[in-house]
Amino acid sequence: MSGDTVTRIPIRRALISVYDKAGLEELAAGLREAGVEIVSTGSTAARIAAAGVPVTPVEELTGFPECLDGRVKTLHPRVHAGLLADMGNSQHVAQLVGLRIEAFQLLVSNLYPFEATVASGAPPEQCVEQIDIGGPAMVRAAAKNHGSVAVVTDPSRYADVLAALAEGGFTLDQRRLLAAGAFAHTAAYDIAVASWFASAYAPDETAREAGWPEVTGALWRRADVLRYGENPHQRAALYSRPGAPAGIAAAEVLHGKAMSYNNYVDADAARRAAYDFAEPCVAIIKHSNPCGIAVGADLADAHAKAHACDPVSAFGGVIAANGPVTAALARQIKDVFTEVVIAPAFDAEALDILSASKNVRLLRCAPPGPAASVEYRPVTGGMLLQSADRVDEPGDDPANWQLKAGEPVGPGVLADLAFAWKACRSVKSNAILLAAGGASVGVGMGQVNRVDSARLAVQRAGDRAAGSVAASDAYFPFTDGFEILAQAGVRAVAEPGGSIRDHLVVAAAEAAGIPLYFTGVRHFYH
């Protein structure tokens, strides 16, 4: 006799109380066919009965009616003793007999839609009513007592229940895994309630307006174990947060080797860069920085321009496109060694072309929906939170820029400035980006002073610097960085302004005859 057989517990009695009723009728029918007695609550019991499956209402079990608008229905010893009795403990078994209480071998339960209610914009009193009490109590009880009870909180696991019925019950290992999922379910629920409650009922108006709750948290589920981290001696895994906006963690790998830690980091940076634009855009990323980014008439045009910015660095890069990858784009990519290609879709022919290489990873990643409003960054012993940086501030619209020096530029130059400004947001600070014709031609990134960033951008642009436009992610603290751009022949510059020496930079722009625009918004990216 196998160990699994010994640890299986036949399911003879089940308690079902669910808000999400997906698959409920099929589950109840399967339990009935296996001869399982079903006890249920309120609308769940009504739904089961309507499906023609015999069910015992919980008030018949407890001898006490549901009351207080359903706030109290399962909080009763005949429910919780049946869930918590350790059937391997002879004293527990004897007490059940003496109290005439029957044990449950299965609990199926999921909780009120608290997060969905909050997200709907419902007033606080409605949100409070969606704080489940009886559900988490039952789920935790059954999970604690997993030695005797199986607990299922996810409708997608109902097929596992039916399979277990046919095999004589869940094994102990299976019940442990179900219990782990159940505790994660209640933990995520409690975190959501605690975070909202601390925000909705902050101690004073100032704290509420600040938008930072006293307590915040999230539950992260392991999505994958990676080969290693940034370096081979580091262990790594990918986690995702249920309910979070779609992002790179939820991308579907259509082809290629497993993603690495560095692949995910660069892919996220590439997606951030390309998906900022409405027009066809391609970004090529190395070490989280664009080595080329461009918009074009189509994605193939955008890629050609982005690649021309720095072909040497594009080798081994990560490419993101903000639209479906076409065969024309795929033919351009296939001849350059590329680690990852990210796009919202791939045409069938493009998929065939790129799949010919075993080394490239192809990721289908949904276009951004509602963006996350808060960004998290771990620090030693804590966590930093900030509102997300987006390119939708008033200063990101050229119509709101202030011309501080020179004559207004024409529509073509202004379009290049607007492109450079938006693309610069995706470059690590200190950042200088030179652009022409809707494409980067030189990028200076991640330097510890703006002068070096300007020098690097000009150096990478070479002859293309003359006649290009420049964007700086933050103000010029001195004139030296601006003067490097002027000497290289840059024809217009956009920067936030805000330095105590702005007047000196403006004077330098006037002397050089270069239009200088202040955006009034900064886009540091550390």
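Structural data are supplied above this passage.
Reading guide: rules and limits
- Residues numbered from 1 in each chain as written.
- Predicted model: local features only at pLDDT ≥ 70, side-chain atom pairs only at ≥ 80, totals over all residues.
- Heavy atoms only, no water.
- Pairing = 2+ DSSP bridges.
- Helix = DSSP H or I, 4+ residues; strand = E, 2+ residues; numbered from the N terminus.
- Right-handed = clockwise from strand over helix to strand, strands pointing away.
- Phe/Tyr/Trp six-rings, centres within 6.5 Å; stacked < 30°, edge-to-face > 60°.
- Buried < 20%, exposed > 50% of the residue type's maximum accessible area, 1.4 Å probe, protein only.
- Salt bridge = Lys/Arg side-chain N within 4 Å of Asp/Glu carboxyl O.
- Arc of directions from axis to C-beta.
- Axes fitted to C-alpha atoms, helices over the stretch in contact; angles between N-to-C directions.
- Parallel < 35°, antiparallel > 145°, perpendicular 65-115°, else oblique.
- Contact = heavy atoms within 4.5 Å.
- Nonpolar A, V, L, I, M, F, W, Y, C, P; charged D, E, K, R; others polar.
- Polar contact = N/O pair within 3.5 Å; in protein donor to acceptor, adjacent residues only side chain to side chain.

### What about the pairing of strand β13 (residues 361-364)?
Part 1 of the argument: Where strand β8 (residues 252-255) meets β13, 3 bridges bridge the pair, whose relative direction is antiparallel. Note on β13: the bridge partner recorded for E252 is R364.
Part 2 of the argument: Of the pairings in the sheet, the one linking strand β12 (residues 338-343) to β13 comprises 4 bridges and is parallel in character. Following the sheet pairing, I342 is matched in β13 by L363.
Part 3 of the argument: Crossover β12 to β13 through helix α17 (residues 348-355) is right-handed.

### Considering the packing of aromatic side chains
Part 1 of the argument: One pass over the structure, following the stated rule, counts 5 aromatic pairs.
Part 2 of the argument: On the numbers, 5.4 Å between centres and 35° between planes, the contact of F277 with F419 is tilted. Residue F277 is found in the loop between α13 (261-274) and β9 (281-286), and its partner F419 is found in helix α18 (residues 411-424); the two are separated by 142 residues along the sequence. Comparing F277 with F419 shows no difference in burial state: the two are buried.
Part 3 of the argument: Measuring from centroid to centroid gives 6.0 Å for W401 and Y517, while their planes differ by 55°, and the two rings are tilted.

### Thoughts on the pattern of salt bridges
Part 1 of the argument: Applying the stated criterion across every chain, the model contains 14 salt bridges.
Part 2 of the argument: Between K334 and D335 there is a salt bridge; the shortest N-O distance is 3.0 Å.
Part 3 of the argument: For K334, a relative accessible area of 45% gives the class partly exposed.
Part 4 of the argument: Where D389 meets R425, a salt bridge forms, and the shortest distance between an N and an O atom there is 3.7 Å. Linking D389 in the loop between β15 (382-387) and β16 (402-405) with R425 in the loop between α18 and β17 (432-436), this pair joins segments that are 36 residues apart in sequence.
Part 5 of the argument: Taking relative accessible area as the criterion, R425 reaches 4% and is therefore assigned buried.
Part 6 of the argument: Three or more residues joined by partner-sharing salt bridges are found here, namely D276, D389 and R425.

### Observations regarding the pairing of β15
Part 1 of the argument: Pairing geometry for strand β14 (residues 374-379) and β15, over 6 bridges, is antiparallel. Pairing of V379 across the sheet is with G382, part of β15.
Part 2 of the argument: As consecutive antiparallel partners, β14 and β15 are separated by 2 residues, and within that stretch G381 has a phi angle of approximately 80°, a positive value.

### Regarding helix α10 (residues 158-167)
Part 1 of the argument: Turning to α10, its buried residues are Y158, V161, A164 and L165. Projected down its long axis, α10 shows its buried positions confined to an angular sector of 110°, all on one face. Relative to its buried face, α10 has exposed residues pointing more than 90 degrees away, namely A159 and A166.
Part 2 of the argument: Phi turns positive one or two residues past the end of α10, at G168, with a value near 95°.

### Comments concerning the packing of helix α19 (residues 450-461) against helix α20 (residues 479-487)
Geometrically, a packed helix pair is captured by the angle between its two axes and the distance between the axes.
Part 1 of the argument: Here α19 crosses α20 at 10°, and the two axes come no closer than 8 Å. As the angle between them shows, α19 and α20 are arranged roughly parallel. Here V451, A454, R455 and V458 of α19 lie close against α20, whose contacting residues are D480, G481, I484 and L485.
Part 2 of the argument: For the contact of α19 with α20, the per-class residue count stands at 5 nonpolar, 1 polar and 2 charged.

### Digging into unusual backbone geometry
Part 1 of the argument: For the peptide bond that leads from S429 to N430, omega is -10°, which places it in the cis range.
Part 2 of the argument: Checked against the element boundaries, N430 lands in the loop between α18 and β17.
Part 3 of the argument: Even without being a glycine, H287 presents a positive backbone phi close to 50°.
Part 4 of the argument: Relative to the helices and strands, H287 resides in the loop between β9 and β10 (289-295).

### Thoughts on the sheet that holds strand β5 (residues 150-152)
Hydrogen bonding along the main chain pairs the strands of a sheet, whether they run parallel or antiparallel.
Part 1 of the argument: Read from one edge of the open sheet, 5 strands run β3-β2-β1-β4-β5, paired in parallel fashion. With one partner strand each, in any of the chains shown, β3 (56-57) and β5 form the two edges of the open sheet.
Part 2 of the argument: Both strand β2 (residues 37-40) and β3 contribute to a ladder of 2 bridges, which runs parallel. When the bridges of β3 are listed, V39 appears paired with T56.
Part 3 of the argument: Along the sheet, helix α3 (residues 42-50) contacts β1 (13-18) and β2; its crossing angle with β2, the most-contacted strand, is approximately 140°.

### Some words on the side chain of S472
Part 1 of the argument: Following the sequence through the fold, S472 ends up in strand β19 (residues 469-472).
Part 2 of the argument: Among the polar contacts listed, one links the side chain of S472 to the side chain of R450, at a separation of 2.9 Å.
Part 3 of the argument: If sequence neighbours within four positions are ignored, S472 has contacts with W421, C424, A431, I432, R450, A494, E495 and P496.

### Remarks on the environment of P324
Part 1 of the argument: Secondary-structure assignment places P324 in the loop between β11 (317-321) and α16 (327-334).
Part 2 of the argument: Taking the C-alpha atoms as reference points, P324 and A345, separated by 21 residues in sequence, lie 4.4 Å from one another.
Part 3 of the argument: With near-sequence residues (within four places) excluded, P324 lies in contact with L299, P344, A345 and D347.

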